[in-house]
Amino acid sequence: MRLSDIITNTILNMLNESEGNSTEIKRNELASLIGCVPSQINYVLSSRFTPEHGYIIESRRGGGGYVKITRISLDKSSALMHIINSIGNGLEQVDARVLIENCVMSDILNKNAAEIMKAAISNSVLSTIPKESQNAYRAALIKQLLMTQI
């Protein structure tokens, strides 16, 4: 198991064991517990615990600093609209695939719809579009595909 997966699982376990939908962690303490550096904790927080993934991160720096992770509870339509609004004007294939997989894990998309979406936004499908336009086209396409799920 990769270190980022271990950090993710540890944080998810803390969230599942907490009362409510949030937990507070201290980066240095968590890094020490897992045996990594605090920047690896930051990487996982910034890549796997984002609003697109259904989380809000609040951070306080300094000696008593902490990170508060809150799991957002949204209905399917609200979650999809939140995701669509967060996509922006461009999306690389790897980021689009992660977004789709996260939607499946969150029961926002079923596996069949996800496979169709991944095929539609693949680099091979977009190969006839100029390279500099592919990410913009992919973002627009994934937004429209997600809209069909509302």
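Being a predicted model, the structure only gives us computed values, none of them experimental.

Colleague: With reference to specific residues and values, describe the sheet that holds strand E2 (residues 55-60).
Modeller: If you walk across this open sheet you meet the 3 strands as E1-E3-E2, and the pairing is antiparallel. Among the strands making up the open sheet, the edge pair consists of strand E1 (22-25) and E2. For this sheet, the mean inter-axis angle between neighbouring strands, taken without regard to orientation, is 15°. Direction of pairing for E1 relative to strand E3 (residues 66-71): antiparallel, over a ladder of 4 bridges. Bridge pairing links Glu24 to Lys68 in E3. Its contacts with the sheet place helix H1 (residues 3-17) against E1, E2 and E3, and it is angled at close to 130° to E1.

Colleague: How would you sum up the pattern of salt bridges? Please name residues and give values.
Modeller: Counted under the stated rule, the structure contains 4 salt bridges. Between Asp5 and Arg48 there is a salt bridge whose closest N-O contact spans 2.8 Å. Pair noted here: Asp5 is in helix H1 and Arg48 is in helix H3 (residues 38-48), with a separation of 43 residues, a long-range link. Take Asp5: its relative accessible area is 24%, and that puts it in the partly exposed class. Judged by relative accessible area, which is 23%, Arg48 ranks as partly exposed. Here the salt bridges do not stand alone but share partners, grouping Arg2, Asp5 and Arg48 into one network.

Colleague: A description of the packing of helix H2 (residues 27-34) against H3 should follow, citing residues and the corresponding values.
Modeller: In the contact formed by H2 and H3, the axes pass within 8 Å of each other and the chain directions differ by 105°. It follows from the interaxial angle that H2 and H3 lie roughly perpendicular. Note on element contacts: H3 touches H2 through Pro38, Ile41 and Asn42, opposite Arg27, Asn28, Leu30, Ala31 and Ile34. The class makeup of the residues in the contact of H2 with H3 is 5 nonpolar, 2 polar and 1 charged.

Colleague: Lay out the nonpolar core in plain terms, naming residues and giving numbers.
Modeller: Residues Ile87, Ile100, Leu109, Ile142 and Leu146 are the most contacted members of the largest nonpolar core, which totals 20 residues. Of all the secondary structure elements, the ones that give two or more residues to this core are helix H4 (76-86), helix H5 (93-105), helix H6 (111-120) and helix H7 (131-147). Take this core: its biggest share by element is 5 residues, from H5. Other than its neighbours up to four places away in sequence, Leu146 contacts Leu80, Ile83, Ile84, Ile87, Leu99, Leu109 and Met117.

Colleague: I'd like a rundown of the side chain of Gln93, residues and numbers included.
Modeller: With respect to the element layout, Gln93 can be found in helix H5. Among the polar contacts made by the side chain of Gln93, one reaches the side chain of Asn123 at a distance of 2.5 Å.

Colleague: Go over the environment of Asn42 with me, naming the residues and quoting the values.
Modeller: Take Asn42: it is sitting in helix H3. Asn42 sits 35 residues away from Ile7 along the chain, and the two C-alpha atoms are 10 Å apart.

Colleague: Lay out the side chain of Thr23 with the relevant residues and their values.
Modeller: Structurally, the position occupied by Thr23 is in strand E1. Judged by relative accessible area, which is 11%, Thr23 ranks as buried. Every residue in contact with Thr23, bar those within four places of it in the chain, is listed here: Met14, Leu15, Ser18, Val67, Lys68 and Ile69.

Colleague: Tell me what's going on with a nonpolar patch on the surface, and back it up with residues and numbers.
Modeller: On the surface, a cluster of nonpolar side chains totalling about 250 Å² of accessible area is made up of Met81, Met147 and Ile150. With respect to the secondary-structure elements, Met147 resides in helix H7. Residue classification places Met147 among the partly exposed residues on the basis of a relative accessible area of 39%.

What counts as what
Residues numbered from 1 in each chain as written. Predicted model: local features only at pLDDT ≥ 70, side-chain atom pairs only at ≥ 80, totals over all residues. Heavy atoms only, no water. Pairing = 2+ DSSP bridges. Helix = DSSP H or I, 4+ residues; strand = E, 2+ residues; numbered from the N terminus. Axes fitted to C-alpha atoms, helices over the stretch in contact; angles between N-to-C directions. Contact = heavy atoms within 4.5 Å. Salt bridge = Lys/Arg side-chain N within 4 Å of Asp/Glu carboxyl O. Buried < 20%, exposed > 50% of the residue type's maximum accessible area, 1.4 Å probe, protein only. Parallel < 35°, antiparallel > 145°, perpendicular 65-115°, else oblique. Nonpolar A, V, L, I, M, F, W, Y, C, P; charged D, E, K, R; others polar. Core = buried A, V, L, I, M, F, W, Y, C linked by side-chain atoms within 4.5 Å. Polar contact = N/O pair within 3.5 Å; in protein donor to acceptor, adjacent residues only side chain to side chain. Patch = residues over 30% accessible without salt bridge, like charges linked within 9 Å, V, L, I, M, F, W, Y side chains within 5 Å. Areas by Shrake-Rupley, 256 points an atom, 1.4 Å probe, with all protein chains shown as cover.

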